Amino acid sequence: MKTKLTRELESTLYQYCLEQGAYVVEEVGMPDKKGIVDTLSYQQLPDGQVEWRCFELKVTKADFHSKAKLSFIGHYNYFVLPQALYEEVAAEIPTHIGVLIYRGFDQAALAAAPEPPRAPGFLTVAKKAQHQDLQVDENLLIGHFITSLFREVDKAKRVKKGLQLYSDDQLFKELKKRARRGYDNYDPDKNLYDRFIDDTQNDAVTALQTELDARNAEYQALQLKYQALTAPDLRGDL
């Protein structure tokens, strides 16, 4: 699970890459079993060349020393770190690897801002990355990049479409699961299952009442029509 700080770094880095004019996606599997990079950016340069940048996000010393493979296969490669962590591990960072330092916005400044910022903080370059040749076949890397972009688009579409994507069985199982999480006998309104049943019954009663009202209106219209047809013709008496 990602920590709050990790999500803040990820969100800020995403906005940073966009501002640099790059296309960016998180968690991209590398070709040739080179691991999974936290964030990968693709940028088309004015001279027609393509520049790939890899970013690994670390928030604790234990995370920095994790045995997970570092996928620094790009032309430029960076660690993205909080300031305190950078001060602890600076001597361990290879010469050719760059460092971006994350700093969160002050809460008072956020409250006074005329409009909400696009990211929870900002990045500064503490150490420039040195250029290296791409460490994997570029055509394969493009394929992995596109696959990851599709994954994110698919996730966004699923969120937008909401519950309609799930089967009735899936929804019913989830409802039963949530109903078992601490039933409150003294405040039934807090229980999801009770709320669901109440809403369902209310909807059913409303639907039946609407149908009954429509049938009554139809009956009255037919009754008036019948009376008009069976009433004596009084025009001859005038």
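In the nomenclature of an unreviewed UniProt entry, the protein chain corresponds to MmcB family DNA repair protein from the organism Lactiplantibacillus fabifermentans T30PCM01.

Peer 1: Which residues make up the overall build of the protein chain, and what values go with them?
Peer 2: The number of helices and strands found in the protein chain is 7 helices and 6 strands. In the protein chain, the succession of α and β elements from N to C terminus is α-β-β-β-α-β-α-β-α-β-α-α-α. Relative to its 238 residues, the protein chain shows a buried fraction of 28%. In the protein chain, the share of contacts with a sequence separation of at least 24, taken over all contacts with a separation of at least 6, comes to 50%.

Peer 1: Tell me about the sheet that holds strand S5 (residues 98–104), and please be specific about residues and values.
Peer 2: Taken together, 6 strands build an open sheet; the order of strands is S1-S2-S3-S4-S5-S6 and the sheet is mixed. Looking at strand neighbours, the two that pair on one side only are strand S1 (23–29) and strand S6 (121–127), the edges of this open sheet. Taken pair by pair, the neighbouring strands of this sheet meet at an average axis angle of 30°, ignoring direction. Relative to strand S4 (residues 76–82), strand S3 (residues 50–57) runs parallel, the two being bridged by 5 bridges. For Glu 56, the partnering residue across the bridge sits in S4 and is Phe 79.

Peer 1: Outline the packing of aromatic side chains, supporting the account with residue identities and numerical values.
Peer 2: Overall, the coordinates contain 8 aromatic pairs when judged by the stated rule. With a centroid separation of 5.5 Å and 80° between ring planes, the pair formed by Trp 52 and Phe 145 is classed as edge-to-face. One end of the pair, Trp 52, is in strand S3; the other, Phe 145, is in helix H5 (residues 138–161), with 93 residues separating them in the sequence. The same class applies to Trp 52 as to Phe 145, namely buried.

Peer 1: Which residues make up helix H1 (residues 4–19), and what values do they have?
Peer 2: Across its 16 residues, H1 extends 23 Å between first and last C-alpha, which sits within 8% of the 22 Å expected from 1.5 Å per residue. All of the buried residues in H1 are Thr 6, Glu 8, Leu 9, Glu 10, Thr 12, Leu 13, Gln 15 and Cys 17. Backbone geometry just downstream of H1 places Gly 21 in the positive-phi region, at approximately 85°.

Peer 1: So what about the pairing of strand S2 (residues 36–44)? Which residues, and what values?
Peer 2: Sheet analysis places S1 next to S2, joined by 6 bridges and oriented antiparallel. Paired with Val 25 across the two strands is Leu 40, which belongs to S2. In sequence, S1 turns back onto S2 through a hairpin of 6 residues, with Asp 32 there showing a positive phi of about 60°. As judged from the 6 bridges shared by S2 and S3, these two strands associate in the antiparallel manner. Paired with Gln 43 across the bridge in S3 is Glu 51. Linking two consecutive strands that pair antiparallel, namely S2 and S3, is a turn of 5 residues; a positive phi of about 90° is found at Gly 48 within it.

Peer 1: Can you tell me about the side chain of Arg 53, naming the residues and giving the values?
Peer 2: With respect to the helices, strands and loops of the structure, Arg 53 is situated in strand S3. Here Tyr 78 takes part through its side chain, which lies 2.5 Å from a polar atom of the side chain of Arg 53.

Peer 1: An account of the pattern of salt bridges is requested, with residue identities and associated values reported.
Peer 2: This model, assessed by the stated rule, comprises 5 salt bridges. Close ionic contact of Arg 53 with Glu 51 constitutes a salt bridge, the shortest N to O distance being 2.8 Å. Glu 51 shares its class with Arg 53; the two are buried. A salt bridge links Glu 152 to Arg 151, with the shortest nitrogen-to-oxygen separation between them at 2.8 Å.

Peer 1: Mind laying out the nonpolar core, listing which residues take part and the relevant values?
Peer 2: Membership of the largest hydrophobic core comes to 25 residues, with the highest contact counts inside it found for Leu 40, Trp 52, Leu 81, Ile 93 and Leu 141. Counting residues per element, the ones that place at least two in this core are S1, S2, S3, S4, helix H3 (83–89), S5 and H5. Each residue touching Trp 52, except ones within four places of it in the same chain, is listed here: Leu 40, Ser 41, Tyr 42, Gly 74, His 75, Tyr 76, Leu 134, Glu 138, Leu 141, Ile 142 and Phe 145. In terms of nonpolar packing, the next biggest core, distinct from the first, is built from 14 residues, Leu 9, Val 24, Phe 55 and Tyr 102 among them.

Thresholds applied
Residues numbered from 1 in each chain as written. Predicted model: local features only at pLDDT ≥ 70, side-chain atom pairs only at ≥ 80, totals over all residues. Heavy atoms only, no water. Helix = DSSP H or I, 4+ residues; strand = E, 2+ residues; numbered from the N terminus. Buried < 20%, exposed > 50% of the residue type's maximum accessible area, 1.4 Å probe, protein only. Contact = heavy atoms within 4.5 Å. Pairing = 2+ DSSP bridges. Axes fitted to C-alpha atoms, helices over the stretch in contact; angles between N-to-C directions. Phe/Tyr/Trp six-rings, centres within 6.5 Å; stacked < 30°, edge-to-face > 60°. Expected span 1.5 Å × (residues − 1). Polar contact = N/O pair within 3.5 Å; in protein donor to acceptor, adjacent residues only side chain to side chain. Salt bridge = Lys/Arg side-chain N within 4 Å of Asp/Glu carboxyl O. Core = buried A, V, L, I, M, F, W, Y, C linked by side-chain atoms within 4.5 Å.

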